[in-house]
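What follows is the residue order along each chain.
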Amino acid sequence: MPAVVIVGAQWGDEGKGKATDLLGGRVDYVVKPNGGNNAGHTVVVGGEKYELKLLPAGILSPNAIPMIGNGCVVNLEALFEEIDALEARGADTSRLRISANAHLVAPYHQVLDKVTERFLGKRAIGTTGRGIGPAYMDKVARLGIRVQDVFDESILRQKVEGSLAQKNELLVKVYNRRAIGVDETVQYFLDFAERLRPFVIDTTLELNRALDDGKVVLMEGGQATYLDVDHGTYPFVTSSNPTAGGASVGSGIGPSRITRVVGIIKAYTTRVGAGPFPTELFDEMGDYLQKKGGEFGVNTGRPRRCGWYDAVLARHASRINGFTDYFVTKLDVLTGIEKIPVCVAYDVDGVRHDEMPMTLTDFHHAKPIFEYFDGWTEDISDAKTLDELPTNARDYVLALEKMSGTRFSAIGVGPDRDQTIVLHDLIDD
Ligand code: GDP
Ligand code: IMO
Ligand code: MG
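Remember, it's a predicted structure, so these values are computed and weren't measured experimentally.

### As for the site of ligand 1
Part 1 of the reasoning: In the vicinity of ligand 1 lie 19 residues, with Lys16, Gly40, His41, Thr42 and Asp332 positioned nearest.
Part 2 of the reasoning: Here an oxygen atom of ligand 1 and a backbone polar atom of Gly40 are 2.7 Å apart.
Part 3 of the reasoning: Contact between ligand 1 and Gly414: a nitrogen atom at 3.2 Å from a main-chain N or O atom of the residue.
Part 4 of the reasoning: Protein coverage of the free-state accessible area of ligand 1, which is 590 Å², stands at 92%.
Part 5 of the reasoning: Ranked by residue count, the leading element in the shell around ligand 1 is helix α1 (residues 16–24), at three residues.
Part 6 of the reasoning: Grouping the amino acids of the shell around ligand 1 by side-chain chemistry returns four nonpolar, eight polar and seven charged.

### A short note on the pattern of salt bridges
Part 1 of the reasoning: Tallied over the entire structure, the rule returns 24 salt bridges.
Part 2 of the reasoning: Its salt-bridge partner being Arg26, residue Asp428 comes within 3.3 Å of it at the nearest N-O pair. Of this pair, Asp428 sits in the segment after β20 (420–422) while Arg26 sits in the loop between α1 and β2 (29–32), and the two are 402 residues apart along the sequence.
Part 3 of the reasoning: The exposure class of Asp428 is exposed, given its relative accessible area of 61%.
Part 4 of the reasoning: As a salt-bridge pair, Asp354 and Arg352 come within 3.0 Å of each other at their nearest N and O atoms.
Part 5 of the reasoning: One salt-bridge network, in which partners are shared between bridges, spans Asp13, Lys266, Glu295, Arg304 and Lys330.

### Topic: the nonpolar core
Part 1 of the reasoning: Counting 67 residues, the largest nonpolar core has Leu289, Tyr309, Leu331, Leu334, Tyr346, Leu389 and Tyr396 as its most contacted members.
Part 2 of the reasoning: Take this core: its biggest share by element is seven residues, from strand β16 (residues 339–348).
Part 3 of the reasoning: Among residues more than four places away in sequence, those in contact with Leu389 are Leu331, Ile380, Ala383, Arg394, Val413 and Ile421.
Part 4 of the reasoning: Core analysis: the second largest hydrophobic core is formed by 43 residues, Leu54, Cys72, Phe80 and Ile180 among them.

### Regarding the site of ligand 2
Part 1 of the reasoning: For ligand 2, the set of nearby residues contains 20 residues, the closest of which are Lys16, Asn38, Thr128, Gln223 and Thr238.
Part 2 of the reasoning: Here Asn38 contributes a side-chain N or O atom positioned 2.9 Å from an oxygen atom of ligand 2.
Part 3 of the reasoning: Protein chains shield 98% of the accessible area of ligand 2, which is 550 Å² for the free molecule.
Part 4 of the reasoning: Classifying every residue of the shell around ligand 2 by side-chain character gives six nonpolar, eleven polar and three charged.
Part 5 of the reasoning: The two domains that each donate at least three residues to the shell around ligand 2 are domain 1 (3–93 + 202–422) and domain 2 (103–197).

### What about the coordination of the magnesium ion (ligand 3)?
Part 1 of the reasoning: Coordination of the magnesium ion (ligand 3) by the protein comes from Asp13 (OD) and Gly40 (O), over a distance range of 2.0 Å. Placement of the pair is Asp13 in the loop between β1 (3–8) and α1 and Gly40 in the loop between β2 and β3 (41–45), with a sequence separation of 27 residues.
Part 2 of the reasoning: Gly40 gets classed as buried once you look at its relative accessible area, which sits at 13%.

### Considering a negative patch on the surface
Part 1 of the reasoning: A grouping of Asp379, Asp382, Asp387 and Glu388 is seen on the molecular surface, where their side chains present a negatively charged patch.
Part 2 of the reasoning: With respect to the element layout, Asp382 can be found in the loop between β18 (367–374) and α12 (391–404).
Part 3 of the reasoning: What makes Asp382 exposed here is its relative accessible area of 59%.

### Observations concerning the packing of aromatic side chains
Part 1 of the reasoning: Going through the model one piece at a time under the given rule, you end up with 13 aromatic pairs.
Part 2 of the reasoning: Between the aromatic rings of Tyr346 and Phe363, the centroid separation amounts to 5.8 Å while the plane-to-plane angle is 70 degrees, which identifies the pairing as edge-to-face. Of the two residues, Tyr346 is situated in strand β16 and Phe363 in helix α11 (residues 360–365); the sequence distance between them amounts to 17 residues.
Part 3 of the reasoning: Taking relative accessible area as the criterion, Tyr346 reaches 0% and is therefore assigned buried.
Part 4 of the reasoning: With relative accessibility at 2%, the residue Phe363 sits in the buried group.
Part 5 of the reasoning: For the ring pair Phe373 and Tyr396, a centre distance of 6.0 Å and an interplane angle of 80 degrees mean the geometry is edge-to-face. Placement of Phe373 in strand β18 and of Tyr396 in helix α12 is noted, with a sequence separation of 23 residues between them. Take Phe373 and Tyr396: they sit in the same class, and that class is buried.
Part 6 of the reasoning: Of the aromatic side chains, those joined through ring pairs into one cluster are Phe80, Tyr188, Phe189, Phe192 and Phe199.
Part 7 of the reasoning: Here the basic side chain of Arg89 rests over the ring of Tyr50, its NZ or CZ set 4.1 Å away from the ring centre.

### With respect to the environment of Asn75
Part 1 of the reasoning: Within the secondary structure layout, Asn75 lies in the loop between β6 (73–74) and α2 (76–88).
Part 2 of the reasoning: For Asn75, a relative accessible area of 5% puts it in the buried group.
Part 3 of the reasoning: Apart from residues no more than four positions distant in its own chain, Asn75 is found in contact with Asn37, Leu54, Val105, Gln110 and Tyr188.
Part 4 of the reasoning: Here the side chain of Asn75 touches Glu77 through a polar contact of 3.0 Å, landing on its backbone nitrogen.

### A short note on the domain arrangement of the protein chain
Part 1 of the reasoning: Segmenting the protein chain into domains produces domain 1 (3–93 + 202–422) and domain 2 (103–197).
Part 2 of the reasoning: The C-alpha-based centres of domain 1 and domain 2 are spaced at 29 Å.
Part 3 of the reasoning: Summing the contributions of domain 1 and of domain 2, the shared interface buries around 2,000 Å²; its carbon and sulfur component is 59%.
Part 4 of the reasoning: On the domain 1 side of the interface with domain 2, the three residues burying the most area are Val73, Leu76 and Phe80, jointly 31% of the side's total.
Part 5 of the reasoning: As a salt-bridge pair, Asp84 and Arg195 come within 2.8 Å of each other at their nearest N and O atoms.
Part 6 of the reasoning: Those elements that place two or more of their residues in the side of domain 1 that touches domain 2 are β6 and α2.
Part 7 of the reasoning: Ranked by residues supplied to the side of domain 1 that touches domain 2, first place goes to α2 with six residues.

Procedures and definitions
Residues numbered from 1 in each chain as written. Chains lettered and ligands numbered in written order. Predicted model: local features only at pLDDT ≥ 70, side-chain atom pairs only at ≥ 80, totals over all residues. Heavy atoms only, no water. Near = heavy atom within 4 Å. Polar contact = N/O pair within 3.5 Å; in protein donor to acceptor, adjacent residues only side chain to side chain. Areas by Shrake-Rupley, 256 points an atom, 1.4 Å probe, with all protein chains shown as cover. Helix = DSSP H or I, 4+ residues; strand = E, 2+ residues; numbered from the N terminus. Nonpolar A, V, L, I, M, F, W, Y, C, P; charged D, E, K, R; others polar. Salt bridge = Lys/Arg side-chain N within 4 Å of Asp/Glu carboxyl O. Buried < 20%, exposed > 50% of the residue type's maximum accessible area, 1.4 Å probe, protein only. Core = buried A, V, L, I, M, F, W, Y, C linked by side-chain atoms within 4.5 Å. Contact = heavy atoms within 4.5 Å. Domains from an automatic or database assignment. Donors = N, O, S within 2.8 Å, 3.2 Å for Na, K, Ca; no water. Patch = residues over 30% accessible without salt bridge, like charges linked within 9 Å, V, L, I, M, F, W, Y side chains within 5 Å. Lys, Arg positive; Asp, Glu negative; His and termini not counted. Charge placed at Lys NZ, Arg CZ, Asp CG, Glu CD. Phe/Tyr/Trp six-rings, centres within 6.5 Å; stacked < 30°, edge-to-face > 60°. Lys NZ or Arg CZ within 6 Å of the ring centre and 35° of its normal. Buried area = accessible area lost by both parts, 1.4 Å probe.

What follows is the structure, encoded as C-alpha cells:
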C-alpha cells in the first residue's frame with residue numbers, strides 16, 4: 001500500500017509537477033490535497049509543454065486516476081476551462097474525481113482577495129488574486145460552500161445568503177464596493193451542477209480502499225513548506241497547509257498509511273510574492289538565474305525572485321515534513337557559474353544561527369553565511385548517473401546532501417521527464 005507524498009521544500013515552483021509526472025506511470029491515484037488554482041505546474045513530456053493550475057499534474061498520466069481532495073478549494077469556472085483546454089489537446093480528463101467535501105471558490109472570494117490586497121498597501125502578501133485566502137477563511141469560519149452543496153439548491157441558497165450577508169457589509173461599508181447578489185451567485189454555482197456531478201465522489205473512501213488493495217497513491221502537494229500557514233513565513237504564506245501533515249488531512253489518508261515523504265527542492269531558491277528571503281540576489285546574478293531557469297510564474301506571469309540554495313531552510317523543511325527523500329531539481333541551471341555560494345547558516349544581528357530563528361523578525365534580519373563551491377562548465381543535461389556528472393557538480397550535490405537533513409534520491413538535470421538522475425526509487429527503494 002505505498003502512499004507517497006510530494007511536498008515543495010521552499011517557496012513553491014520547485015518542480016513538483018515534474019516529480020509527479022516522473023512517477024505517474026507507476027501510480028494508480030494522484031490526489032491533490034491542498035490549494036486551488038493558485039498553483040502552476042509545468043510538465044514537459046517529450047518536448048510538449050503542459051501548464052496545470054487547479055488540476056494535479058497526474059491528470060497527464062494516462063493510467064492514474066487524478067483527484068482533487070477534500071483539502072482543496074475549487075473554482076468551477078477555472079476547473080472546466082482547464083479541462084476543456086486539456087481535452088482540446090487530446091488529453092483524457094474523464095477519470096478525474098473531486099471530493100464532495102472540497103470547498104468552492106465563489107466569485108466574491110476573488111473580489112475580496114483583490115480588495116484586501118489593495119487595502120493592505122505596503123503590507124500586501126502578493127497573492128495570486130484567485131480568491132484562495134478568502135475561500136479558506138470561509139471554510140474555517142464555517143461559512144464555506146462545499147462541492148456537495150451545488151446538488152442541493154435550498155442548502156446552497158441558505159449558505160450563499162449566510163456568507164453574503166456578512167461579506168456585503170464588508171464590501172459596501174469598508175471597501176466601498178457594490179454588494180453582490182444572492183441570486184446571481186446561486187445561479188453561478190447551479191450552472192455547473194450537471195457537468196460537475198459525474199466527477200464528484202467520496203474520495204477518501206476510494207483512496208483508502210485503493211490502499212487496502214495494494215494500489216499506489218501519490219499525494220501531490222501544491223505550494224510549499226514556507227508558504228504553509230503554520231510553518232511558513234507567516235503572514236507571507238498561502239492559506240492552507242502544504243506540508244506533509246496537510247497532505248494527510250487534505251486527502252483523508254491517515255499518517256500511519258504514508259510510506260514516503262518526498263521533498264522537492266531546487267538547487268537554488270526562488271520565491272513569488274512578498275516576504276523575507278535571506279539568500280535573494282539583487283544583482284545581475286539574480287537576473288541570470290531568472291533568465292536561465294525560466295523563472296517566471298506559470299499562474300500570474302510574475303517574475304520569480306531568485307537566490308542561492310539555503311541549507312538552513314532545507315534542514316528545517318526536512319524536520320517538519322519528516323522527509324524520507326529529497327528530489328533536487330534544476331541542477332543544470334547552475335552550469336557555467338564559476339563559484340556557487342550556498343547558505344549554511346544565518347547571521348542575525350551579529351549572532352550565528354545554524355537553524356531557523358524562532359521569530360520572523362529575526363528571519364527578516366537574517367544575513368546568509370555562505371560556503372562557496374567550485375562550479376562546472378560541462379553540459380549535464382544528458383547525465384543519467386552521478387558518475388556522469390563533472391566532479392564539481394557531483395561534489396556540489398553531495399555537499400548539499402550532507403547539510404540538508406535528508407538523503408538525495410533524484411536529481412533533475414533538465415525539464416523533461418527523462419532528464420533525471422535517479423539514485424533511489426521514490427516508491428519502492
Ligand atoms: P511546481 O509548481 O513545483 O510544479 O513547479 P513549476 O512547474 O511552477 O516550476 C518548475 C519549472 O522548472 C518548470 O518550468 C519545469 O519544467 C522546470 N523544471 C523542473 N525540473 C527541472 C530541471 O531539473 N531542470 C530544468 N532546467 N528545469 C526543470
Ligand atoms: P506551486 O504549486 C509559488 C504564493 C503567492 C503569494 C502567497 C499567497 O506552483 O508551487 P495565495 O494566492 O495562495 O493566497 O498567495 O503564496 N503562492 C505561490 N508561489 N508557487 C505556488 O504554487 C504558489 N501558490 C501561492 O505568490 O506569495
Ligand atoms: Mg508552480
